[in-house]
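# A structural walkthrough
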Amino acid sequence: MLAVLCIVLFLDGLDVSMVGVALPSIGAELGLSTTALQWIVNGYVLGYGGLLLLGGRTADLLGRRRVFLIALAVFAAASLVGGLVDNGALLIVTRFVKGLAAAFTAPTAMSILTTTFAEGPARNRALSIFTVFGASGYSSGLVLGGLLTSAGWRWTFLTPVPLALGALIAGLVLIPKDRQRAEGGHDLIGAATLTAGMLLAVYTVVSAPERGWLHPLTLGSVVLAAALLTAFVVTENRVAHPLIRLGILRIGKVVRANLSLVALFGSYLSFQFVMTLYLQDVLGWSPLQMALALLPAGVLVAVGSPFMGRLIDRYGTARLILASMLSLSLGYLWFVFTAGATPDYVVTVLPTMLLLGGGFAFGFSSIMAQATDGIDDSEQGLASGLVQTSGQVGAALVLAVVTALVSAGAVGEGAGDFSQFDPGVNLVTWIALAGLVLNVVPLARRYRALTR
């Protein structure tokens, strides 16, 4: 059963990295701008993040096995359609649908895992294995994406189809039926207001630089997005069965885990987007060259993740998350201070990717374990969906801002070197540093309390 869950996470990592490698080729063939290309990433991320909480709650209510298998079938179908369409807008729609499917498979897989393996060493070991497959999928996707894009970018969409179908058949056989289900109902209004509000917020950030921040449409979008997100919060306080039980946000370690994943995912997804455009569009590297350049981070995660379960048992999640944020911050700071106008691969890019890989290796399993630690089995779907929502939605917003900064820099001087990307890299550096501070403060307070 764990193998089936791991294959699905492998597919998620594979899909994200393969499509990332293919972006310049997709843009060239379909005539898409940098702003439009980010929607191929963010369409998936927002569909994923916007409905993760509903996905987790649906799994708790209707049965994790049933929801997992249906969503996996939709994921396979959306992959197939995405490889066949010949229009940028339709491609973005298929990515959004695929993200919606992943919004149900991801929290369901996590809740199956956390309710099957007992809290403690067994669950930590399972989570570390789970993470290995995600990292392996990401690493494999970089190489496969480079190879497949050379043959045609459509293959990056079609390749996951047989793998998803194989996982679906295996899941039908290996995943046992649920012994019990949670009681209650769905919060469809909450899901609709959250997804619509986040989509509109990202659209506003991306379109504002071209249209103008004081343009009536921009201001109207800001007001409407704020109203939708406010409506979401109000809904959660009033409905009988909220999408988010807001009381869970009173648990400090849960909140820190969610914000830490924003720093981890938000900074790295945006950095990969920047490096993909720079290495292929500015330096003219092939997709495979670019993929191999970014590969060391994924390899380090794949190699290091098997040991994370034992490290969590020995040192606890707080220290490992702090180590993650420190490695992440050092990676971006090294890049900022050594890059210059034309970053050298050996001096700048390679050390950065190794430090970022260390950040992921220490952080992902630790953050997931901290986010679900001590949560009742009936709310494991909620807890795992909440932390993944934070990571995905946070990543979408960070990527939207970075895209806006890069697009604005492209029309200025120095558009042929790395200078146009500097504002975006500076932003992700500050986000990583904020994640570091977030995790230093509670440990420092605890240390002071023990030494008094």
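Summary of the structure given here. (Residues numbered from 1 in each chain as written. Predicted model: local features only at pLDDT ≥ 70, side-chain atom pairs only at ≥ 80, totals over all residues. Heavy atoms only, no water.)

Before going further, it helps to examine the overall build of the chain. The helix and strand tally for the chain stands at 16 helices and zero strands. At 21 Å, the chain has a C-alpha radius of gyration in line with the 22 Å of a compact globule built from 452 residues. Dimensions of the chain along its principal axes, counting C-alpha atoms only, are 60 × 60 × 45 Å. A burial count over the chain gives 56% of its 452 residues as buried. Nonlocal contacts in the chain, meaning residues at least 24 apart in sequence, comprise 84% of its contacts between residues at least 6 apart. Carbon together with sulfur atoms contributes 68% to the accessible area of the chain, which is approximately 17800 Å² in total. Here the chain contributes 25 positively and 21 negatively charged side chains, and the mean placements of these two sets differ by 12 Å. (Helix = DSSP H or I, 4+ residues; strand = E, 2+ residues; numbered from the N terminus. Rg over C-alpha atoms; globule rule 2.2 N^0.38 Å. Buried < 20%, exposed > 50% of the residue type's maximum accessible area, 1.4 Å probe, protein only. Contact = heavy atoms within 4.5 Å. Areas by Shrake-Rupley, 256 points an atom, 1.4 Å probe, with all protein chains shown as cover. Lys, Arg positive; Asp, Glu negative; His and termini not counted. Charge placed at Lys NZ, Arg CZ, Asp CG, Glu CD.)

Within the secondary structure, serine 327 is located in helix 13 (residues 317–338). Residue class for serine 327 comes out buried when judged on its relative accessible area of 12%. In this structure the side chain of serine 327 is engaged in a polar contact, spanning 3.4 Å, whose partner is the backbone nitrogen of glycine 359. Contact partners of serine 327, with chain neighbours within four places excluded, come to Leu355, Gly358 and Gly359. (Polar contact = N/O pair within 3.5 Å; in protein donor to acceptor, adjacent residues only side chain to side chain.)

The next subject is the packing of helix 2 (residues 34–62) against helix 4 (residues 88–116). Contact geometry for helix 2 and helix 4: axes closest at 6 Å, N-to-C directions at 30°. Two packed elements cross with a definite hand, and for helix 2 against helix 4 that hand is right-handed. Classifying every residue of the contact of helix 2 with helix 4 by side-chain character gives 19 nonpolar, seven polar and two charged. (Axes fitted to C-alpha atoms, helices over the stretch in contact; angles between N-to-C directions. Left-handed = near helix turned anticlockwise from the far one by under 90°. Nonpolar A, V, L, I, M, F, W, Y, C, P; charged D, E, K, R; others polar.)

The next thing to look at is the packing of aromatic side chains. For any pair of aromatic rings, geometry is given as the distance between the ring centres together with the angle between the planes. Per the counting criterion, the structure on display carries ten aromatic pairs. Taken together, a centroid distance of 5.2 Å and an interplanar angle of 90° make the contact between phenylalanine 271 and phenylalanine 335 edge-to-face. Taken together, the residues span a long stretch of sequence, with phenylalanine 271 in helix 10 (residues 252–282) and phenylalanine 335 in helix 13 at a distance of 64 residues. When sorted by exposure, phenylalanine 271 lands in the same class as phenylalanine 335, which is buried. Considering the side-chain rings of phenylalanine 418 and phenylalanine 421, the 5.4 Å spacing of their centres and the 40° angle between planes classify their relative orientation as tilted. Each of the two residues, phenylalanine 418 as well as phenylalanine 421, counts as buried. Site record: aromatic cluster; members linked through ring pairs are Phe271, Tyr278, Tyr332, Phe335, Phe418 and Phe421. When the ring centre of phenylalanine 75 is taken as reference, the NZ or CZ atom of lysine 98 above it lies at 4.9 Å. (Phe/Tyr/Trp six-rings, centres within 6.5 Å; stacked < 30°, edge-to-face > 60°. Lys NZ or Arg CZ within 6 Å of the ring centre and 35° of its normal.)

Summed over the entire model, instances satisfying the criterion amount to two salt bridges. Of the charged contacts in the structure, one is a salt bridge between arginine 154 and glutamate 29, with a shortest N-O distance of 3.6 Å. Within this pair, whereas arginine 154 is found in the loop between helix 5 (121–151) and helix 6 (155–158), its partner glutamate 29 is found in helix 1 (residues 2–30), the two being separated by 125 residues in sequence. The salt bridge partner of arginine 154 is aspartate 86, with a shortest N-O separation of 2.9 Å. Separated by 68 residues along the polypeptide, arginine 154 in the loop between helix 5 and helix 6 and aspartate 86 in the loop between helix 3 (64–82) and helix 4 bring together distant segments of the chain. (Salt bridge = Lys/Arg side-chain N within 4 Å of Asp/Glu carboxyl O.)

Taking 1.5 Å per residue, 29 residues should reach 42 Å; helix 4 reaches 42 Å between its end C-alpha atoms and fits that length. Backbone nitrogen of alanine 89 and a side-chain oxygen of the N-cap are separated by 2.9 Å at the start of helix 4; the cap is asparagine 87. (Expected span 1.5 Å × (residues − 1).)

Turning to the packing of helix 10 against helix 11 (residues 287–304), a few remarks are in order. The relative placement of two packed helices is expressed as an angle between their axes plus a distance between the axes. Helix 11 packs onto helix 10 with a crossing angle of 150° between their chain directions and a minimal axis gap of 10 Å. The interaxial crossing formed by helix 10 with helix 11 has right-handed handedness. Here Tyr268, Gln272, Met275, Thr276, Leu279 and Gln280 of helix 10 come into contact with helix 11, specifically with Pro287, Met290, Ala293, Leu294 and Ala297. Its residues assigned to classes, the contact of helix 10 with helix 11 comprises eight nonpolar, three polar and no charged.

With 125 residues, the main nonpolar core has Ile26, Phe68 and Met275 as its most contacted residues. Beyond its immediate chain neighbours, meaning those up to four positions away, isoleucine 26 contacts Gly31, Leu32, Ile40, Leu91, Trp153 and Phe157. (Core = buried A, V, L, I, M, F, W, Y, C linked by side-chain atoms within 4.5 Å.)

Glancing now at the environment of leucine 23. Positionally, leucine 23 belongs in helix 1. Each C-alpha atom of the pair leucine 23 and alanine 103 lies 22 Å from the other, and the pair is 80 residues apart in sequence. With sequence-adjacent residues up to four places away left out, leucine 23 is seen in contact with Leu37, Ile40, Val41 and Phe273.

Okay, a nonpolar patch on the surface next. The grouping of Ile70, Val74, Val93 and Val97 at the surface amounts to a nonpolar patch, some 300 Å² of accessible area in total. Breaking the nonpolar patch down by element, the ones donating at least two residues are helix 3 and helix 4. The residue valine 74 is located in helix 3 in this model. (Patch = residues over 30% accessible without salt bridge, like charges linked within 9 Å, V, L, I, M, F, W, Y side chains within 5 Å.)

For the rest of this paragraph, the subject is the environment of arginine 123. Mapped onto the fold, arginine 123 is located in helix 5. Expressed as a C-alpha distance, the spacing of arginine 123 and glycine 309, which sit 186 residues apart in the sequence, is 8.2 Å.

The next point concerns the environment of valine 299. Looking at the secondary structure, you find valine 299 in helix 11. The exposure class assigned to valine 299 is partly exposed, which follows from its relative accessible area of 39%. Considering only alpha carbons, one finds valine 299 and threonine 115, 184 residues apart in sequence, at a separation of 29 Å.

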